[in-house]
Amino acid sequence: EGYTSDTTVTVVKGKISTAQEKLVNLVQKAADECLKLYKPGNSIHDAAAKADAVFAASKMKMPHTLGHAIGLEIHEYPRVSTKMPSALLFQPGMILTLEPGLYDPELGGCRLENDVLITETGNEVITHSRIIRI
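First things first, this report covers the structure right here in the doc.

Calculation criteria
Residues numbered from 1 in each chain as written. Predicted model: local features only at pLDDT ≥ 70, side-chain atom pairs only at ≥ 80, totals over all residues. Heavy atoms only, no water. Helix = DSSP H or I, 4+ residues; strand = E, 2+ residues; numbered from the N terminus. Expected span 1.5 Å × (residues − 1). Buried < 20%, exposed > 50% of the residue type's maximum accessible area, 1.4 Å probe, protein only. Contact = heavy atoms within 4.5 Å. Polar contact = N/O pair within 3.5 Å; in protein donor to acceptor, adjacent residues only side chain to side chain. Patch = residues over 30% accessible without salt bridge, like charges linked within 9 Å, V, L, I, M, F, W, Y side chains within 5 Å. Areas by Shrake-Rupley, 256 points an atom, 1.4 Å probe, with all protein chains shown as cover. Salt bridge = Lys/Arg side-chain N within 4 Å of Asp/Glu carboxyl O. 1 Å grid on protein atoms, 1.4 Å probe; cavity = no way out; pocket = protein on both sides within 12 Å on 5 of 7 lines; lining within 4 Å. Points joined across faces, edges and corners; volume = space filled by probe spheres on them. Nonpolar A, V, L, I, M, F, W, Y, C, P; charged D, E, K, R; others polar.

**Overview of helix 2 (residues 44-56)**
Here's step 1: End to end, helix 2 covers 19 Å across 13 residues, agreeing with the expected 18 Å (1.5 Å per residue, within 8%).
Here's step 2: For helix 2, every residue scored as buried is listed here: Ile 44, His 45, Ala 47, Ala 48, Ala 51, Val 54 and Phe 55.
Here's step 3: Where helix 2 is buried, its residues meet helix 1 (18-35), strand 3 (76-80) and strand 5 (101-104).
Here's step 4: N-capping of helix 2 is provided by Ser 43, with a side-chain oxygen placed 3.2 Å from the backbone N of His 45.

So this is what it looks like as structure tokens:
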């Protein structure tokens, strides 16, 4: 009915370096940790801050927001960003992306993006992107 979806999959092919493995594992960790915060009543700002903290602990920085709402448009308000006011909360019925990513000109990049429905009691990941290893 005209609604959008937004997903990104990273494919890891073959043996990768220790530094590349760290980058991939940090993106997965950020996705796992931040998903716990995509719940009604939680601050959108705080979810973004959690991703920043996961990456900062390894002296890395994500160059984009953690996500954004989706609906009839691919990028809708609100953004999942530390620039959002702390009082802006996840609400039941919202669908937002969760898309942590890290990129390095020498190592390559990794992004894991899924669409998350905020439910009355938590969340439901409604897409099935993952980091694929071949």
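**Concerning a nonpolar patch on the surface**
Here's step 1: Residues Val 9, Val 11 and Ile 134 make up a contiguous nonpolar surface patch of roughly 280 Å² in combined accessible area.
Here's step 2: On the secondary structure map, Ile 134 appears in the segment after strand 9 (131-133).

**A closer look at the layout of surface pockets**
Here's step 1: Size it by volume and the largest pocket reaches roughly 170 Å³.
Here's step 2: The element best represented in the lining of the largest pocket is helix 2, accounting for three residues.
Here's step 3: Tallied by class, residues from the lining of the largest pocket come to six nonpolar, four polar and three charged.

Interpretation in functional terms is not warranted from these geometric data alone.
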